Amino acid sequence: MPLDQLTDEEEVVSEGKEMSFLDHLEELRWHIIRAVGSIFLFAIIAFVYIDDIFRVVVMGPKNPNFWTYRMMCKLADATGYADLCVKKLNFELQSLGVSDQFTMAMTSSAIIGLCFAFPYAFWEVWRFIKPGLRSVEKNAARGAVFFVSLLFLIGLLFGYFIVSPLAINFLANFQITPEIKNQFDITSYIGILVTLSLGCALIFQMPMVAYVLSKVGVLTPKFMREYRKHAWIIILVVAGVITPSPDIYSQVLVALPLTLLYEVSILVSARIERTRLKERKELMES
């Protein structure tokens with residue numbers, strides 16, 4: 001059974017209950033405890049294997065043999081644009097504080113715990129929200145946990161394998177003068193990696209945001225189509241900010257998925273509007 005679906009019996013019991021404000025707070029507290037507990041559990045597992053996680057996952061974009069860099073070299077061979085190929089990352093990482101490595105291990109474990117526990121944690125939040133919805137709203141939101149989790153995962157992978165390596169490659173190899181060596185603090189490196197990866201995971205929720213705004217009548221497909229060119233310009237600007245590399249290929253690699261997300265959001269909004277018009281027509285005929 002999908003995570004965001006209850007059985008008919010559970011829904012009847014849930015709808016039949018009259019809960020006070022304190023009961024709602026108590027219910028919310030236990031949902032939050034279970035959600036945080038799942039994150040904590042995955043964080044502990046990640047901390048146990050932190051050596052392998054750091055070597056393979058966290059330090060991956062620092063290695064010229066990283067999957068993304070290998071693909072960029074193949075793309076360079078195909079296009080003849082040699083600058084795309086990453087053969088060396090000209091920087092070293094340092095731990096400046098006494099407790100920095102331990103702090104980074106704890107922080108990395110917590111973030112990885114959040115990423116792995118996100119579907120369950122979101123499901124717990126959804127379980128608290130869902131009983132307060134009407135039957136029509138419940139049917140309209142069916143599959144929300146699945147799609148939100150799927151978009152989160154795709155965005156996270158896109159940020160980790162595409163955006164983060166491009167940004168790290170550019171910043172690591174940028175030098176005002178060869179006399180200045182790039183020696184970065186480990187907290188700065190992880191900060192960029194986490195910010196870009198989780199940032200993309202949130203950006204990829206665009207279709208779900210469009211869905212919600214369309215359901216409440218704030219957003220329409222006509223509005224999105226009318227301002228499509230403006231949205232493309234904003235997407236190009238965002239892609240340019242996310243990937244500071246001056247080559248156009250890196251910017252296009254980031255802009256294309258974002259543009260596709262916008263077009264999908266238009267289709268989602270259009271479907272909501274068609275459904276609303278159909279229901280209104282049926283209501284008038286009856």
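Residues numbered from 1 in each chain as written. Predicted model: local features only at pLDDT ≥ 70, side-chain atom pairs only at ≥ 80, totals over all residues. Heavy atoms only, no water.

The chain is annotated in an unreviewed UniProt entry as Sec-independent protein translocase protein TatC from Spirosoma flavum. Of the comments in the UniProt record for the chain, the one headed Subunit (unreviewed entry) reads "Forms a complex with TatA." Of the comments in the UniProt record for the chain, the one headed Sequence similarities (unreviewed entry) reads "Belongs to the TatC family." (UniProt positions renumbered as here; feature names shortened; annotations may be inferred.)

**Points about the nonpolar core**
Grouped together as the largest cluster of nonpolar side chains are 43 residues, with contacts concentrated most on F54, V58, Y69, F158, Y189, I190 and V254. Of all the elements in the fold, those that place two or more residues in this core are α3 (50-58), α4 (67-79), α5 (100-129), α7 (144-173), α8 (186-203), α11 (228-242) and α12 (248-285). Considering each element in turn, this core owes the most residues, eight residues, to α7. Those residues within four positions of F158 in sequence are excluded, and the remaining contacts are V163, C200, F204, L253, V254 and P257. (Core = buried A, V, L, I, M, F, W, Y, C linked by side-chain atoms within 4.5 Å. Buried < 20%, exposed > 50% of the residue type's maximum accessible area, 1.4 Å probe, protein only. Helix = DSSP H or I, 4+ residues; strand = E, 2+ residues; numbered from the N terminus. Contact = heavy atoms within 4.5 Å.)

**Quick look at α8**
The terminal C-alpha atoms of α8, which comprises 18 residues, lie 26 Å apart, in line with the 26 Å expected from a rise of 1.5 Å per residue. Within the sequence span of α8, burial applies to I186, Y189, I190, L193, L196, S197, C200 and A201. Buried positions in α8, seen along its axis, are confined to an arc of 140 degrees and lie on one side of it. Along α8, the residues that are exposed and aim more than 90 degrees away from the buried face are T195 and L202. (Expected span 1.5 Å × (residues − 1). Arc of directions from axis to C-beta.)

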